[in-house]
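Single-letter residue listing:
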Amino acid sequence: MISNRVKERIGINEVRSTVENLWECGWQEYGAQNDDAIDGVIIMRRGTKRPSDTGGIVFTQVKCGGNGYRKDQVQYPAHIGVALGPDYIATHMPRWSRAPGPCVLIFVDDTTSRKSPESWWVDLRQDCISPTNKGIILIPRAQRFGEHSKGDFHRLCGSGTVDRLLDRINLERRESLIPTLGKNESIRRDARDFYRHWQQDNASQINPMLGPILVNRVGWKHITRRGRLPERIVQSWMLLGAAKAMIMRCTQVYTLGHASEEEYDDGNILVTDYLGLRAKVTFTYRHQSICQVVLKRTRLIRPNNKNSERQKIWFYSIYETRRGRENV
């Protein structure tokens, strides 16, 4: 029979390992004397090479023990049941509610494996108490706690914590695409002219972190591709000035999605992936917004060559992720 103290360490160690090793975030455990319904806090970070704090903190209660705590209810097959007891929940729920940030319960089931136990999480500020048993917390089975759930915890903290880290671009009117109004004028023609001038301006195609960015037909064809909604195309055209400024000034680079690899007969490998530049862009004629530039990158890796890697990066697209007022 495993003691409660050992089970507690299994749960805490599993959470700490996931947070520190897989998420590259911080874990600060509370001592028993300071444990007021909270076992520790997760310090959210972004990036991999040099992770930076977002300002987001998630207060965490950890429970471990499939034989003791787990009490699934047949009427809720899509949920894991964690039996904490009605008195425990009634006493601790006010403490969870007044935590100065998101508060979650992470349940670790050690019955299948003590080395690699299964884990789930639930937001304790949502409606998570079983309607038929006030002593049970219901956790959706889909909310597995692991490497993939880092994004969920970022969303719990809200966008404001991440926005504080973004580059800020104050876009002047002369840098913007301002369409010419008139009977024989068109936004498409104005956008195409702006894009051509950008293509000829080599100095505006250098990013301080990535170096040269190719501005050519790759980006234009992607923005105006067949099947894309007209309003999305027009939005991208109107943001071309922001894209140009972001490529010149943004210093933070984000990886978007997963890379694809293609191996050639000579052993060389072509790696294709997508990068993002994000910034809070202030316009002279409307509210500021969070914009993202998408860059397409290919890297030719030649294992048998001392100059083992060549890369090209193209401007691919730009869009707004969110628009707002002073709190954006």
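One structure accompanies this document, and this report is about it. (Residues numbered from 1 in each chain as written. Predicted model: local features only at pLDDT ≥ 70, side-chain atom pairs only at ≥ 80, totals over all residues. Heavy atoms only, no water.)

Time to look at the overall build of the protein chain. Scanning the protein chain for helices and strands turns up eight helices and 14 strands. The buried share of the protein chain, taken over its 328 residues, is 45%. For the protein chain, long-range pairs separated by at least 24 residues make up 62% of all intrachain contacts whose partners lie at least 6 apart in sequence. Here the protein chain displays about 18000 Å² of accessible surface, and carbon together with sulfur accounts for 48% of that area. (Helix = DSSP H or I, 4+ residues; strand = E, 2+ residues; numbered from the N terminus. Buried < 20%, exposed > 50% of the residue type's maximum accessible area, 1.4 Å probe, protein only. Contact = heavy atoms within 4.5 Å. Areas by Shrake-Rupley, 256 points an atom, 1.4 Å probe, with all protein chains shown as cover.)

Ordered by their spatial adjacency, five strands build an open sheet running β1-β2-β3-β5-β6, and the pairing between neighbours is mixed. Because the sheet does not close on itself, it has two edges, and the strands there are β1 (26-29) and β6 (118-123). Each strand of the sheet is rotated relative to its neighbour by a mean of 30°, with strand direction disregarded. Bridging between strand β3 (residues 52-64) and strand β5 (residues 103-109) involves six bridges; their strand directions are parallel. (Pairing = 2+ DSSP bridges. Axes fitted to C-alpha atoms, helices over the stretch in contact; angles between N-to-C directions.)

Turning to the pattern of salt bridges, a few remarks are in order. Where charged atoms of side chains with opposite charge meet at close range, the side chains can pair. Tallying each qualifying case throughout the model produces 15 salt bridges. Measuring nitrogen to oxygen at the nearest pair gives 3.3 Å for the salt bridge that ties aspartate 273 to arginine 299. Here aspartate 273, found in strand β12 (residues 269-282), pairs with arginine 299, found in strand β13 (residues 289-301); they are 26 residues apart in sequence, far enough to count as distant. Each member of the pair, aspartate 273 as well as arginine 299, is classed as buried. In this structure, arginine 286 and glutamate 320 form a salt bridge, with 3.4 Å as the shortest nitrogen-oxygen distance. Here the residue arginine 286 occupies a position in the loop between β12 and β13, and glutamate 320 occupies one in strand β14 (residues 309-323), the gap between them amounting to 34 residues. Overlapping salt bridges bring together Arg70, Asp72, Asp109 and Arg141 as one network. (Salt bridge = Lys/Arg side-chain N within 4 Å of Asp/Glu carboxyl O.)

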